[in-house]
Amino acid sequence: MTNAIEIPGWEALGWTLIHFCWQAAAIALLYRMIDLALPRARSNVRYVVALTALLSMLAVSVATLGYEEMRGAQDKTTWRDTVSVTGVGETFAVLPVADNGGARLSEPASVWAGLESGIQPVIPWLVAIWLLGVFCLSVRTVGGWWMIQRLRRASMGRAPESVRESFARLSLRIGIRRPIDLRVCERISSPMAMGIVRSLVLLPASALTSLSPEQLEVVLAHELAHIRRADYLWNML
């Protein structure tokens with residue numbers, strides 16, 4: 001009888017976190033090299049490269065988790081195949097393994113096996129700390145979403161007609177065909193773009209008095225670019 005409670009996927013998740021350290025570092029280094037090789041590339045190109053790097057990190061972590069799950073299942077199957085019950089209760093006899101010609105682990109494999117056995121006991125703590133971090137960041141994300149909803153409800157002031165007309169022209173020029181709401185909010189100090197289905201751009205009240213019409217158009221175009229690229233959705237992901 002075992003004294004520890006075995007949680008499905010716990011060990012696979014721990015090894016995924018460990019491998020992700022060097023995997024993410026390799027992807028980040030590759031991204032940096034590509035970014036330095038494209039110093040004069042358009043901002044959209046650099047944005048796609050950065051987004052691809054982040055999605056690649058997600059992809060390799062999912063693939064590693066699947067691999068570790070399969071490896072763990074194979075190890076358990078191998079262990080069950082080499083153990084036979086010889087009596088009642090907790091008496092087990094391990095069947096002898098045939099000699100395969102005196103084959104031994106190579107030195108790198110031996111070093112990795114030793115390192116693996118040393119890391120194994122701390123995996124539950126590693127996963128627990130990681131889950132705590134995920135929980136804290138999730139609470140922060142939910143709090144940010146709640147604050148955004150409050151700002152959405154509080155921003156009932158419509159922008160002046162001239163600003164809304166300029167905003168509509170910019171939307172068509174950028175390639176956004178669906179209606180985007182534009183409102184003025186006194187509780188913010190900088191413009192904000194939010195929403196995935198019902199997108200909204202909030203302008204601070206001070207922007208209407210402190211910016212020239214040309215400067216205001218630049219600000220609005222910047223926020224519309226966030227909506228066109230679905231930055232709000234990618235940030236959530």
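Everything discussed here concerns the structure shown above.
Since this is a predicted model, take the numbers as computed values, not measurements.

Trainee: Could you give me a rundown of the sheet that holds strand 5 (residues 192–194), with the residues and numbers involved?
Mentor: Read across the open sheet, the four strands follow the order 3-4-6-5; overall the sheet is mixed. The sheet terminates laterally at strand 3 (157–158) and strand 5, the two strands that pair on one side only. As paired strands, strand 3 and strand 4 (residues 181–185) are joined by two bridges and run antiparallel to one another. In the strand pairing of strand 4, glycine 157 is matched with valine 184. Along the sheet, helix 5 (residues 161–174) contacts strand 3, strand 4 and strand 6 (200–204); its crossing angle with strand 4, the most-contacted strand, is approximately 140°. Packing against the sheet, helix 7 (residues 213–228) makes contact with strand 4, strand 5 and strand 6, and its axis sits at approximately 150° to strand 6.

Trainee: Residue-level account of the nonpolar core, with values.
Mentor: Here is a general trend for soluble globular proteins: nonpolar side chains tend to be buried in one another's company. Ranked by size, the top nonpolar core spans 15 residues in total, and within it Val163, Phe167, Ile180, Leu182, Leu203 and Leu220 carry the most contacts. Of all the secondary-structure elements, those providing two or more residues to this core are helix 5, strand 4, strand 6 and helix 7. If one sorts the elements of this core by residue count, helix 7 sits on top with four residues. Excluding residues within four positions of it along the chain, leucine 203 makes contact with Val163, Leu182, Arg183, Val184, Cys185, Ile188, Pro191, Leu208, Leu216, Val219 and Leu220. Formed by eight residues, the second largest nonpolar core is a distinct cluster that contains Cys185, Met194, Leu202 and Tyr232.

Trainee: Requested: an account of the environment of tryptophan 22, with residues and values cited.
Mentor: By secondary structure assignment, the location of tryptophan 22 is in helix 1 (residues 10–37). Assessed through its relative accessible area of 54%, tryptophan 22 is described here as exposed. A polar side-chain atom of tryptophan 22 sits 3.2 Å from a polar atom in the side chain of histidine 19.

Trainee: So, a nonpolar patch on the surface: which residues are in play, and what are the values?
Mentor: Together, Leu55, Leu58, Val62, Trp234 and Leu237 make up an exposed nonpolar region whose accessible area comes to about 470 Å². Per-element accounting of the nonpolar patch gives the leading share, three residues, to helix 2 (residues 43–81). With respect to the element layout, leucine 58 can be found in helix 2. Classification of leucine 58 by relative accessible area gives partly exposed; the value is 45%.

Trainee: Explain the packing of helix 1 against helix 4 (residues 123–154) to me, using residue names and the numbers behind them.
Mentor: Two packed helices can be described by the angle between their axes and the distance between those axes. Contact geometry of helix 1 with helix 4 gives a least axis separation of 9 Å together with a crossing angle of 75°. As judged from the angle between their axes, helix 1 and helix 4 are roughly perpendicular. Along the contact surface, helix 1 presents Trp10, Glu11, Leu13, Gly14, Trp15, Leu17 and Ile18, while helix 4 presents Ile123, Pro124, Leu126, Val127, Ala128, Trp130 and Leu131. Within the contact of helix 1 with helix 4, the residues separate by chemical class into 12 nonpolar, one polar and one charged.

Rules used in this analysis
Residues numbered from 1 in each chain as written. Predicted model: local features only at pLDDT ≥ 70, side-chain atom pairs only at ≥ 80, totals over all residues. Heavy atoms only, no water. Pairing = 2+ DSSP bridges. Helix = DSSP H or I, 4+ residues; strand = E, 2+ residues; numbered from the N terminus. Contact = heavy atoms within 4.5 Å. Axes fitted to C-alpha atoms, helices over the stretch in contact; angles between N-to-C directions. Core = buried A, V, L, I, M, F, W, Y, C linked by side-chain atoms within 4.5 Å. Buried < 20%, exposed > 50% of the residue type's maximum accessible area, 1.4 Å probe, protein only. Polar contact = N/O pair within 3.5 Å; in protein donor to acceptor, adjacent residues only side chain to side chain. Patch = residues over 30% accessible without salt bridge, like charges linked within 9 Å, V, L, I, M, F, W, Y side chains within 5 Å. Areas by Shrake-Rupley, 256 points an atom, 1.4 Å probe, with all protein chains shown as cover. Salt bridge = Lys/Arg side-chain N within 4 Å of Asp/Glu carboxyl O. Parallel < 35°, antiparallel > 145°, perpendicular 65-115°, else oblique. Nonpolar A, V, L, I, M, F, W, Y, C, P; charged D, E, K, R; others polar.

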